[in-house]
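Letter by letter, the chains look like this.
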Amino acid sequence: MTSFFAPGKLILLGEHGVVYGHPALAAAISRGVHAYAEPSASSQLELPEGLNEAQQAALERAFAVAAKLTKHPKVSVSVSSDLPVSMGLGSSGALAVAVTRALLDAAKQKPDLARIEKIAMAMEKEFHGTPSGVDHTTSARGSMVLYQKGKVTTLKGRRPVKVLVALVGERASTKSTVAALRERQAKWPRRYARIFEEIGRLAKEGATAVKQGDLDALGDLMNLNQGLLSALQLSSDRIDAMTRRLRAHGALGAKLTGAGGDGGAVIGLFREPEHMVKKLQEEGIDCFSSQLAGPIAL
Ligand code: MEV
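Residues numbered from 1 in each chain as written. Predicted model: local features only at pLDDT ≥ 70, side-chain atom pairs only at ≥ 80, totals over all residues. Heavy atoms only, no water.

Comments concerning the environment of A186
Piece 1. Take A186: it is sitting in helix α5 (residues 174–187).
Piece 2. Overall, A186 belongs to the exposed group, its relative accessible area being 54%.
Piece 3. Sequence spacing of A186 and G219 is 33 residues, and the spatial spacing of their C-alpha atoms is 31 Å. (Helix = DSSP H or I, 4+ residues; strand = E, 2+ residues; numbered from the N terminus. Buried < 20%, exposed > 50% of the residue type's maximum accessible area, 1.4 Å probe, protein only.)

Focus: the pairing of strand β10 (residues 287–293)
Piece 1. Burial of β10 is extensive: 5 of the 7 residues sit out of reach of the surface.
Piece 2. Across 6 bridges, the pairing between strand β7 (residues 161–167) and β10 is antiparallel. Each bridged residue has a counterpart across the sheet, and for K162 the counterpart in β10 is Q291. (Pairing = 2+ DSSP bridges.)

Topic: the nonpolar core
One recurring pattern in soluble globular proteins: nonpolar side chains tend to sit buried together.
Piece 1. Of all hydrophobic cores here, the largest spans 86 residues; its most connected members are L12, L25, M144, V161 and L218.
Piece 2. Ranked by the residues each element gives to this core, the list is headed by helix α2 (residues 91–106), at 9 residues.
Piece 3. By size, the runner-up hydrophobic cluster in this structure holds 9 residues, among which are A24, V145, Y147 and V178. (Core = buried A, V, L, I, M, F, W, Y, C linked by side-chain atoms within 4.5 Å.)

Structural notes on the site of the ligand
Piece 1. Near the ligand the following residues occur: K9, I11, E15, H16, V18, V19, P131, S132, V134, D135, G258 and A259.
Piece 2. Within the side chain of S132, one N or O atom sits 2.5 Å away from an oxygen atom of the ligand.
Piece 3. Here an oxygen atom of the ligand and a side-chain polar atom of D135 are 3.0 Å apart.
Piece 4. When the ligand sits alone it has 300 Å² of accessible area, and the protein chains cover 96% of it.
Piece 5. Under a 2 Å grid-point criterion requiring more than half of the atoms, the pocket assigned to the ligand is the largest pocket.
Piece 6. Counting residues per element, the ones that place at least two in the shell around the ligand are β1 (2–13) and α4 (134–141). (Near = heavy atom within 4 Å. Polar contact = N/O pair within 3.5 Å; in protein donor to acceptor, adjacent residues only side chain to side chain. Areas by Shrake-Rupley, 256 points an atom, 1.4 Å probe, with all protein chains shown as cover. 1 Å grid on protein atoms, 1.4 Å probe; cavity = no way out; pocket = protein on both sides within 12 Å on 5 of 7 lines; lining within 4 Å. Sits in = over half its atoms within 2 Å of the grid points.)

Re the packing of helix α1 (residues 53–69) against α2
Piece 1. In the contact formed by α1 and α2, the axes pass within 10 Å of each other and the chain directions differ by 35°. Of the two possible hands of crossing, α1 and α2 adopt the one that is right-handed. Facing L59, F63, A66 and A67 of α1, the residues of α2 in contact are L95, V99 and L103.
Piece 2. Classifying every residue of the contact of α1 with α2 gives 7 nonpolar, no polar and no charged. (Axes fitted to C-alpha atoms, helices over the stretch in contact; angles between N-to-C directions. Left-handed = near helix turned anticlockwise from the far one by under 90°. Contact = heavy atoms within 4.5 Å. Nonpolar A, V, L, I, M, F, W, Y, C, P; charged D, E, K, R; others polar.)

Some remarks on the side chain of R184
Piece 1. For R184, the location among the structural elements is in helix α5.
Piece 2. Within the buried core, R184 has no salt-bridge partner, and the shortest N-O distance to an opposite charge, that of E183, equals 7.2 Å. (Lys, Arg positive; Asp, Glu negative; His and termini not counted. Salt bridge = Lys/Arg side-chain N within 4 Å of Asp/Glu carboxyl O.)

Overview of the packing of aromatic side chains
Piece 1. Tallied over the full model, the rule gives 3 aromatic pairs.
Piece 2. Relative to F196, the ring of Y20 lies with its centre 4.3 Å away and its plane at 10°, an arrangement referred to as stacked. Remark: F196 occurs in helix α6 (residues 189–212) and Y20 occurs in the loop between β1 and β2 (24–39); sequence separation between them is 176 residues.
Piece 3. Residue classification places F196 among the buried positions, given a relative accessible area of 2%.
Piece 4. Between the aromatic rings of Y192 and F196, the centroid separation amounts to 6.4 Å while the plane-to-plane angle is 55°, which identifies the pairing as tilted. Within this pair, Y192 and its partner F196 are both found in helix α6, separated by 4 residues, close to a single helical turn.
Piece 5. Judged by relative accessible area, which is 8%, Y192 ranks as buried.
Piece 6. Here a set of aromatic residues connected by ring pairs shows up, and it is made of Y20, W188, Y192 and F196. (Phe/Tyr/Trp six-rings, centres within 6.5 Å; stacked < 30°, edge-to-face > 60°.)

Here's the deal with the pairing of strand β6 (residues 151–155)
Piece 1. Relative to β6, strand β5 (residues 144–148) runs antiparallel, the two being bridged by 5 bridges. Across the sheet, L146 pairs through a bridge with T153, a residue of β6.
Piece 2. The hairpin turn running from β5 into β6, its antiparallel successor, is 2 residues long, and G150 in that turn takes a positive phi close to 85°.

Observations regarding the layout of surface pockets
Piece 1. In this structure, the largest pocket encloses a volume near 920 Å³.
Piece 2. S86, S91, S92, F127 and H128 are the residues nearest the centre of the largest pocket, which is lined by 49 residues in total.
Piece 3. For the lining of the largest pocket, the secondary structure elements donating two or more residues are β1, α1, β4 (75–81), α2, α3 (113–128), α4 and α5.
Piece 4. When its residues are assigned to classes, the lining of the largest pocket shows 22 nonpolar, 18 polar and 9 charged. (Points joined across faces, edges and corners; volume = space filled by probe spheres on them.)

As structure tokens, this is what we get:
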């Protein structure tokens, strides 16, 4: 059996704006998805446990698309993940990249980045409808990136960027949250365009802050971004309460990450998040820390 790993991701700045062509600052995290490949009579996917019917159907469709694009290699693929599903941490993007790597390997095709990203994008369309591509691209590159459709810059900071990731409960699918926002945007396009543009600016400034190792500026940008996501009705009481809590405990910045909505993941930027992770875990909160960029990053 051969195994292939792809990391999950989190978005430091710029979710949703990125769907409309603006930049987002995203980073791979240490958790992710493993795809395991075994020789078989045909291309097959073993469905993982714990998915609802809609998620299973999307996964089957996505696998069929990837199998077709890799010319149906004779392999059975199974997956395991330590990423929570549908929490904004890029589990479908990571799954798409890991499965693509397994299929390309079985098909004896070159696993070059462009090809991986093309196939993973086709899979992501089955999961999300109109994905920007930020999730699977960040996973495939395994680093911090400033992502804009058609343009990807890999970033390394002067200092490590460390975040605490707190899970604040279930949320609607990315597909439905993105679609609901699209309806509002289509009704009032100019007003929404102004907000998306500003979100994109924050992401660009964030990339500069990372390069300069200016964590205070990065935190401030995250707080402002959270305000704009809230203006777009993508936040909730649970998310707001966690951002306030993290800031009150010394986070330089805090915001939702991913599609947002009712729950999902909230991130807090800390110079040293470990003590806070321990404290919140003792209070019953599901959380972990991840280092995103810097001299000793992933
Ligand atoms: C999802 O991780 C990020 C969104 O911007 C959707 C996308 O970029 O496809 C909400």
